[in-house]
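# Structure assessment
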Amino acid sequence: MADHGDLKPLFGDSRDAEYELDLRGLDLPHSAASVERMLERSRFRTPRSVRVLIDAPDGEGGSSHFQPLGRMLLDARKDGVLTAMTTLPPEDELGFRVVTTGKPESDDNDAPGGDVVEDDLVD
């Protein structure tokens, strides 16, 4: 593994997050739907940080979800749904750390749909 010490300032504290959305093992349509659901629900909840984990490329020419999901999250950042978005450090799992804009005065118990970790995975 390469020494990524010089790159650490680019990633900051992107390992730590309040929640985790694990998309590993899902195909792209299900992963994208899970991210969309998380972003939609975040409008009704207090701001929170989320680690979004995805599969690494298989090394056999299979495509990674990194670019399409990254584009979705970047668009959400541009639209103001996210206040921050970074990639996870290279030594961690592949994915992103995002911080939702949310609704600061929200009572998460009143938010539709339950917790981000359990309800954002699509069957």
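Right, let's walk through the structure included here. (Residues numbered from 1 in each chain as written. Predicted model: local features only at pLDDT ≥ 70, side-chain atom pairs only at ≥ 80, totals over all residues. Heavy atoms only, no water.)

## A closer look at the pairing of strand β2 (residues 49-53)
Put simply, the rule is: Three exposure classes are used, based on accessible area relative to the maximum for each residue type with a 1.4 Å probe and protein chains only: buried under 20%, partly exposed in between, and exposed over 50%. A run of H or I in DSSP becomes a helix once it reaches four residues, and a run of E becomes a strand once it reaches two; helices and strands are each numbered from the N terminus. Here, strands pair whenever DSSP counts at least two bridges between them.
β2 sits mainly inside the fold: five of its five residues count as buried. Side chains Ser 49, Arg 51 and Leu 53 project from β2 onto one buried face, and the interleaved Val 50 and Val 52 project onto a second face that is buried too. Taken together, the four bridges between strand β1 (residues 19-22) and β2 define a ladder with parallel strand orientation. Opposite Tyr 19, over in β2, you have Val 50 as the bridge partner.

## Some details on the packing of aromatic side chains
Condition: Each Phe, Tyr or Trp ring (for Trp, its six-membered ring) is paired with any other whose centre lies within 6.5 Å, and the angle between the two planes then decides the class: stacked below 30 degrees, edge-to-face above 60, tilted in between.
All told, the structure shown has one aromatic pair when counted by the stated rule. Consider the rings of Phe 66 and Phe 96, whose centres lie 4.8 Å apart with planes at 20 degrees: the pair is stacked. Of this pair, Phe 66 sits in helix α3 (residues 66-78) while Phe 96 sits in strand β4 (residues 95-100), and the two are 30 residues apart along the sequence. According to the relative accessible area criterion, Phe 96 is buried, its value standing at 2%.

## Digging into the environment of Gly 80
The topology assignment puts Gly 80 in the loop between α3 and β3 (82-87). On the accessibility criterion, Gly 80 (39% relative accessible area) is partly exposed. Along the backbone, Gly 80 and Thr 100 are 20 residues apart, and their C-alpha atoms lie at a distance of 8.7 Å.

## Here we look at the nonpolar core
The condition that has to hold: Residues belong to a common nonpolar core when they are buried Ala, Val, Leu, Ile, Met, Phe, Trp, Tyr or Cys residues joined through side-chain atoms within 4.5 Å.
Grouped together as the largest cluster of nonpolar side chains are 16 residues, with contacts concentrated most on Leu 21, Leu 23, Val 35, Met 38, Leu 39, Leu 69 and Leu 73. Where this core is concerned, the elements lending two or more residues are α2 (28-42), β2, α3 and β4.

## Points about the sheet that holds β2
Just so we agree on the cut-off: All axes here are fitted lines through C-alpha atoms, helices being fitted over the stretch that makes contact, and every angle between N-to-C directions spans 0 to 180 degrees. The contact rule is simple, with two residues in contact once any of their heavy atoms fall within 4.5 Å.
One open sheet holds the four strands; their spatial order is β1-β2-β4-β3, and the pairing between them is mixed. Of all the strands in the sheet, the pair left with one neighbour each is β1 and β3. For this sheet, the mean angle separating the axes of adjacent strands, direction not counted, is 20 degrees. Along the sheet face, α2 touches β1, β2, β3 and β4 and points at about 150 degrees away from the line of β1. In the packing of α3 onto the sheet, contacts are made with β3 and β4, and the angle to β3 comes to roughly 155 degrees.

## A closer look at the pattern of salt bridges
Should their charged atoms come close, side chains of opposite charge can pair. Worth spelling out the cut-off: When a carboxyl oxygen of Asp or Glu is within 4 Å of a side-chain nitrogen of Lys or Arg, the pair counts as a salt bridge.
Counted according to the given criterion, the structure contains four salt bridges. The salt bridge involving Arg 51 is made with Glu 20; its shortest N-O contact spans 3.3 Å. Here Glu 20 lies in strand β1 and Arg 51 lies in strand β2, a separation of 31 residues in the sequence. We note a salt bridge from Arg 24 to Asp 22, for which the minimum N-O separation is 2.6 Å. Taking the relative accessible area as the measure of exposure, Asp 22 reaches 27% and is therefore partly exposed.

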